[in-house]
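Read off the chains here:
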Amino acid sequence: MKTNNPLVKQSKTQLAPLGKIESRTQFGGYALTVEKVIFAYINEDALYLRASEALQTYHTQRALEPLVYRKRGIPVQLNYFKVDAKLWQDPEQLLRLSASALHAAQHELANRTVTLRLKDLPNLSLRMEMMLHKVGISSVKVLHEMGSRQSWLKLRAVNKHIGLKTLMALEGAISGHHQAALPAAIREELHAWYVKTLHQKNTVEPS
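Since the structure is predicted, the reported quantities are computational estimates derived from the model, not experimental observations.

Rules used in this analysis
- Residues numbered from 1 in each chain as written.
- Predicted model: local features only at pLDDT ≥ 70, side-chain atom pairs only at ≥ 80, totals over all residues.
- Heavy atoms only, no water.
- Helix = DSSP H or I, 4+ residues; strand = E, 2+ residues; numbered from the N terminus.
- Buried < 20%, exposed > 50% of the residue type's maximum accessible area, 1.4 Å probe, protein only.
- Contact = heavy atoms within 4.5 Å.
- Areas by Shrake-Rupley, 256 points an atom, 1.4 Å probe, with all protein chains shown as cover.
- Lys, Arg positive; Asp, Glu negative; His and termini not counted.
- Charge placed at Lys NZ, Arg CZ, Asp CG, Glu CD.
- Polar contact = N/O pair within 3.5 Å; in protein donor to acceptor, adjacent residues only side chain to side chain.
- Arc of directions from axis to C-beta.
- UniProt positions renumbered as here; feature names shortened; annotations may be inferred.
- Phe/Tyr/Trp six-rings, centres within 6.5 Å; stacked < 30°, edge-to-face > 60°.

Peer 1: I tried to follow the overall build of the protein on my own but got confused; where do I start?
Peer 2: When its secondary structure is counted, the protein shows eight helices and six strands. Element order for the protein, N to C, with α for helix and β for strand: α-β-β-β-β-α-β-β-α-α-α-α-α-α. For the C-alpha atoms alone, the extent of the protein along its principal axes is close to 60 × 35 × 35 Å. The buried share of the protein, reckoned over its 207 residues, is 45%. Within the protein, contacts between residues separated by at least 24 positions form 52% of all contacts whose residues are at least 6 apart in sequence. Split by element, the accessible area of the protein, about 11,900 Å² in all, is 53% carbon and sulfur. Counting 28 positive and 17 negative side-chain charges, the protein places the averaged centre of each group 8 Å from the other.

Peer 1: How should the side chain of Ser151 be read in this particular structure?
Peer 2: Tracing the sequence through the fold places Ser151 in helix H6 (residues 140–158). Owing to a relative accessible area of 0%, Ser151 belongs among the buried residues under this scheme. A polar contact of 2.7 Å, which involves the side chain of Ser151, links it to the backbone oxygen of Gly147. When neighbours within four sequence positions are excluded, Ser151 is seen to be in contact with Ile137, Leu143, Met146 and Leu170.

Peer 1: Looking at this model, I keep getting lost on helix H5 (residues 126–134). Mind explaining?
Peer 2: Because each turn of an α-helix spans 3.6 residues, side chains separated by three or four positions in sequence point in the same direction. If you check which residues of H5 are buried, you get Met128, Glu129, Met131 and Leu132. For H5, the arc enclosing every buried residue in end-on projection is 160°, short of the 170-degree limit, so these residues lie on one face. In H5, the exposed positions angled more than 90 degrees off the buried face are occupied by Arg127 and Lys134. Positive phi shows up at Gly136, right after H5, with a value of about 90°.

Peer 1: Where do I start with the UniProt feature "domain: TfoX C-terminal" (unreviewed entry) in the protein in this structure?
Peer 2: Under the UniProt annotation, "domain: TfoX C-terminal" (unreviewed entry) lies at residues 117–194. Counted over residues 117–194, helix gives 65% and strand 0%. Its end C-alpha atoms are 26 Å apart.

Peer 1: In this structure, what is going on with the packing of aromatic side chains? I would like to understand it.
Peer 2: Each aromatic ring pair is characterised by the separation of its centres together with the angle its planes make. Applying the stated criterion to the full structure yields three aromatic pairs. Ring geometry for Tyr41 and Tyr80: centres 4.8 Å apart, planes at 65°, overall edge-to-face. Here the residue Tyr41 occupies a position in strand S3 (residues 37–42), and Tyr80 occupies one in strand S6 (residues 74–82), the gap between them amounting to 39 residues. Just as Tyr41 is buried, Tyr80 falls in that class too.

Peer 1: Help me understand unusual backbone geometry, please; the structure alone is not making it clear to me.
Peer 2: In most cases, non-glycine residues show a negative phi, while peptide bonds are predominantly trans. For Glu35, which is not glycine, the phi dihedral falls at a positive 55°. By the element assignment, Glu35 lies in the loop between strand S2 (29–34) and S3. According to the relative accessible area criterion, Glu35 is exposed, its value standing at 71%. Although it is not a glycine, Lys36 adopts a positive phi angle of roughly 70°. Tracing the sequence through the fold places Lys36 in the loop between S2 and S3.

Listed below in C-alpha cells is the structure:
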C-alpha cells in the first residue's frame, strides 16, 4: 500500500472545511476521520462517503456504487457510496454531502456511546471494564477521547503485567475490530510504540 496516496491528499484538501481530516489504514484502504469519527473511506483509488440523509436523496437521483469488500471470501456491502467523476467536478455538492456524512457519523457515535458500556466493545470483558473504571476511563466516550495508547499507559501505571495484547485490544475496541483483525500497518505501529515506551521506562515485559 502506498504511504502517500494521492487521493488521500486530494480528499483532505478538497474537504478541508470540514475540519482537520486525518487518515489511517483500514480494510486494505484508508479511513478518513475528523476528531476520530470516520465519515469516508478510500478504497482502490476511489472515495466513498458514509450514507446520510442528504446522500440518500442524491443517490435516488443518481445511483452511486456501494463500497464492497471481501470478508473471508464473502462480499460484504458497507454503508458507503462512491464519489464518481461527476460529483468530483461539483466541489460544492461534494462538500455538502461530505458534511452530511460526517454529521451522520457523529450522531451515530454520540447515540452509541451513550448506550454502550465498555464491556460491550470488541475485546473488552467485564474485568477490563472494571480496570478501566479504576483509572478514570468510565465510558466509551472517554475511551475514544483518550485513545488506546494513553488508556494503556493509565492501566500500565497501576498494573505492570499489562502488555502488548491489551494495547491491541484497546485499539480494536476503539476502531471496532477484533484485536487479531487489526490492519497490519496499525499493529506494526502499535508494536513499535510499545517497544519504544517500554525502553524509555526501562522496564522488562514479564514472560
